[in-house]
Amino acid sequence: MSNEKLTPQRENFSEWYNQVIQRAELADYAPVRGCMVVRPYGWAIWENIQSALDRRFKETGHVNAAFPMFIPMSFLEKEKEHVEGFSPELAVVTIGGGEKLEEPLVVRPTSETIIGYMYSKWIKSYRDLPVLINQWANVVRWEMRTRLFLRTLEFYWQEGHTAHATAQEAEEETRRMLDIYTDFAVNEAAVPVIPGRKSETEKFAGAARSYTIEAMMGDTKALQAGTSHNLGQNFARAFEIQYLDENNQLQYCWTTSWGLSTRFIGAIIMTHGDDQGLILPPRLAPIQIVIVPIFKNDAEASQVMEMVEEVRASLAGRFRVRVDDREGMTPGFKFNDWEMRGVPLRLEIGPKDVEKRSVMAARRDIPGREGKTILPLEGLAETIDSLLAQIQSALLQRATAFRDAHILQPESYAELCSAVEGSWALAWWCGSSECEARLKDDTRATTRCIPLDQPGGEGRCCICGAPAREKAYFAKAY
RNA sequence: CGGGGUGUAGCGCAGUUGGCAGCGCACCGCGUUUGGGACGCGGGGGUCGGCGGUUCAAGUCCGCCCACCCCGACCA
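Residues numbered from 1 in each chain as written. Chains lettered and ligands numbered in written order. Predicted model: local features only at pLDDT ≥ 70, side-chain atom pairs only at ≥ 80, totals over all residues. Heavy atoms only, no water.

S.K.: Hey, could you run me through the environment of V186 in this one?
M.R.: With respect to the helices, strands and loops of the structure, V186 is situated in helix α6 (residues 167-187). Given a relative accessible area of 22%, V186 falls into the partly exposed group. Residue contacts for V186: discarding those within four places in its chain leaves V191, P192, V193 and L396. (Helix = DSSP H or I, 4+ residues; strand = E, 2+ residues; numbered from the N terminus. Buried < 20%, exposed > 50% of the residue type's maximum accessible area, 1.4 Å probe, protein only. Contact = heavy atoms within 4.5 Å.)

S.K.: Even after reading the chapter, I still don't get the sheet that holds strand β10 (residues 209-216), so can you show me in this structure?
M.R.: What links the strands of a sheet is backbone hydrogen bonding, and the strands pair in either a parallel or an antiparallel sense. Spatially, the eleven strands line up as an open sheet ordered β3-β7-β8-β14-β11-β10-β9-β22-β25-β21-β20, and their pairing is mixed. What marks the edges here is a single partner per strand, and that holds for β3 (63-64) and β20 (407-408). Sheet topology places strand β9 (residues 194-197) next to strand β22 (residues 446-451); two bridges connect them, and they run antiparallel. Following the sheet pairing, R197 is matched in β22 by I450. Where helix α8 (residues 263-272) meets the sheet, it contacts β10, β11 (222-230) and β14 (254-261), and its direction lies at approximately 145 degrees from that of β11. (Pairing = 2+ DSSP bridges. Axes fitted to C-alpha atoms, helices over the stretch in contact; angles between N-to-C directions.)

S.K.: What should I look at first to understand helix α1 (residues 13-23) in this one?
M.R.: Count 3.6 residues to each turn of an α-helix, and residues three or four apart come out pointing the same way. In terms of burial, α1 is a largely internal element, eight of the eleven residues being buried. Lining the buried residues of α1 we find β1 (27-29), α8 and α10 (331-340). The backbone nitrogen of S14 has a side-chain oxygen 3.3 Å away, supplied by the residue at the start of α1, namely N12. Phi turns positive, to about 60 degrees, at E25, one or two residues after α1. (Polar contact = N/O pair within 3.5 Å; in protein donor to acceptor, adjacent residues only side chain to side chain.)

S.K.: Got a minute to help me understand the pairing of β14 in this structure?
M.R.: Put simply, side chains in a regular strand alternate between the two faces of the sheet. With seven of eight residues buried, β14 is to be regarded as a mostly interior element. Alignment of strand β8 (residues 154-164) against β14, held across eight bridges, turns out to be antiparallel. Counterpart to E159 in the pairing with β14 is G259. Pairing geometry for β11 and β14, over four bridges, is antiparallel. Bridged to N230 within β14 is T256.

S.K.: I would appreciate a short explanation of the domain arrangement of chain A in the present structure.
M.R.: When the parts of a complex come together, some accessible area is lost, and that lost area is often taken as the interface size. Split into domains, chain A comes out as domain 1 (13-272), domain 2 (289-403) and domain 3 (407-475). A straight line from the C-alpha centre of domain 1 to that of domain 3 covers 27 Å. On the side of domain 3, 17 residues touch domain 1, which itself brings 19 residues to the contact. Connecting domain 1 to domain 3 are three salt bridges. The shortest N-O distance in the salt bridge between E470 and R197 comes to 3.2 Å. Linking domain 1 with domain 3 are nine residue pairs in polar contact (both at pLDDT 80 or more). Here the element with the most residues in the side of domain 1 that touches domain 3 is β10; it accounts for five residues. Its residues assigned to classes, the side of domain 1 that touches domain 3 shows seven nonpolar, six polar and six charged. (Domains from an automatic or database assignment. Salt bridge = Lys/Arg side-chain N within 4 Å of Asp/Glu carboxyl O. Nonpolar A, V, L, I, M, F, W, Y, C, P; charged D, E, K, R; others polar.)

S.K.: Which parts of the structure should I look at to understand the protein's contact with RNA strand B?
M.R.: Inspection of the region around RNA strand B gives 36 residues, with L150, R151, F155, R263 and T330 positioned closest. Near-protein atoms of RNA strand B (within 4 Å) split between backbone and bases, with sugar and phosphate holding 38%. Contact between RNA strand B and R346: a base oxygen at 2.6 Å from a side-chain N or O atom of the residue. It is α10 that provides the largest number of residues to the surface near RNA strand B, a total of six residues. (Near = heavy atom within 4 Å.)

S.K.: Before we go on, may I ask you to explain the pattern of salt bridges in this structure?
M.R.: Side chains that differ in charge, positive against negative, can pair when their charged atoms come close. For the structure shown, the criterion picks out 29 salt bridges. The closest approach of N and O atoms between K203 and E200, which form a salt bridge, is 3.3 Å. Connected through salt bridges with shared partners, the residues E25, D324, R326, K334, D337 and R341 form a single ionic network.

S.K.: Can you help me understand the sheet that holds strand β17 (residues 345-349) in this one?
M.R.: Overall, mixed pairing links the five strands, which are arranged β16-β15-β17-β18-β19 in an open sheet. Strands with a single pairing partner mark the edges of an open sheet, and in this sheet they are β16 (321-323) and β19 (372-376). Within the sheet, the average angular offset between the axes of one strand and its neighbour, ignoring direction, is 25 degrees. Bridge count between strand β15 (residues 289-293) and β16: three bridges; the pairing is parallel. Each residue of the ladder has a partner; that of V290, found in β16, is R322. Of the strands in this sheet, β15, β16 and β17 touch α10, which is tilted by about 170 degrees from β15. Sitting on the sheet, helix α12 (residues 380-405) is in contact with β15, β17, β18 (358-363) and β19, with an inclination near 10 degrees to β18.

S.K.: I'm lost on the packing of aromatic side chains in this one. Help?
M.R.: Within the structure shown, the criterion is met by 14 aromatic pairs. Ring geometry for W43 versus Y156: centroids 5.2 Å apart, planes at 85 degrees, classification edge-to-face. Of the two residues, W43 sits in helix α2 (residues 40-59) while Y156 sits in strand β8, which places them 113 residues apart along the sequence. The exposure class of Y156 is partly exposed, given its relative accessible area of 25%. Their ring planes at 90 degrees and their centres at 5.7 Å tell us that F155 and W157 sit as a pair that is edge-to-face. Across the pair, W157 and F155 agree in class, each one buried. Pairwise contacts between aromatic rings join W46, F57, W136 and W258 into one cluster. Over the ring of W338 we find R341, and its NZ or CZ is 5.6 Å from the ring centre. (Phe/Tyr/Trp six-rings, centres within 6.5 Å; stacked < 30°, edge-to-face > 60°. Lys NZ or Arg CZ within 6 Å of the ring centre and 35° of its normal.)

S.K.: Whenever I open this one, the side chain of H62 confuses me. Can you help?
M.R.: Here H62 shows up in the loop between α2 and β3. For H62, a relative accessible area of 2% translates into the label buried. Engagement of the side chain of H62 in a polar contact is seen with the backbone oxygen of F57, the distance being 2.9 Å. At 3.0 Å, the side chain of H62 forms a polar contact with the side chain of T60. Leave out the neighbours within four places in its chain, and H62 touches F57, L132, T162, E173, M177 and W258.

Here you go:
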């Protein structure tokens, strides 16, 4: 912890982001360029993300497994678009045990290929389908420019890989998982994402169709927060994933893949954080309540600590509680420290509270005096339960209001170009890659997604003026 | 890969003409403090990025190398 104030968001959002991560002890730079160490507090957030997602995966029939991190180079080359998309960013092992390898091994950038290979061995009959497997893993992509959590050489994620008998089932699965990501983002992380379809140029290398959830960060830039791909029969054909149907006919499977990574931690930081530091949604916060004892002398200390323990014990079974009993630090320092770490609710307990049988509660999402209330010990757990729920929904409301206030609906190309400076644009688009490229050249903004929620009707492409049936979101992205 | 920059304590930095390697924060000890970032006193911590050269003497001058950062290009 440092005594100095954070760089304010408005002054330099990137600098603010880096400082928050360091000071809240979420992650640190590793000795290898572009790699990060996820520290215990950051990993605890990831564990909460994992359990929220894993529960949803299991509820929809998926099971977990683990596949190797080394993939034969030749596997990557079997799907044309896939290898073209990933080859520039592969890490390759050429020596093992001091011997040059017969065939180089790729450190997985994603696992469609090796899982496809295994599926071709496992799937023989329509009775074997669907196969619904997820894995929690690390992957490596040799990126040029890296940012903690947002883009690192190695990152952690889950990747689901499923195989189905029909195109329709695969599409349903792809959309089901997109819905799960959306539900997770909105209801667990309080991040109001926009689900939609990726354009041809933005889709996953090797996919027939990609879906995404797009989130708006506090600087209005967009972040792709999770993706779900319908792979069609591309990988099934490349890896010969085939089954015999009811009529004894050999058929190719239809496969999907979907992933959400530690990048999502970056999304949480940049959606909710303020100039005091991190603000964590109560449902994912490793520590939901921190208790800060306050006293002047030994006599006060024993009274205060007795009540602190009473309060802690009454909350511990129901909430994630921490008592800050560190010595040699003033309460003021501790307040700032826990605000930096984004703990949603702080309880201050001092001699006055002992006397009144109450605690002073301070909400992280409402800074200063305004966020403070005196809570009686009587019924404290119930009061706090509803307070945490209020904080959770207040964060979602605030982020949603911010996002909606920064979405413009331009009618002309000139309006579109100015809209993407500091906002997102929702505009008619004809669907052509040329139009995307033109906007990107002129503004550096890209097509984020074609939202599932469409206005209907028809319009004119905001870029070329051709007839358009769909609106798309355009924005600068991380 | 092109352009620019930086390497000195954990972090941020200073180090003059070549002459005992320093400051702030952090850390450790003791005491006083404690309801919004406390203070005093004492203390520990260094391959000055690396290798070589010049010199009585190099953090400082010269050469080579390495690493990292920023801006472009490229990308989740």
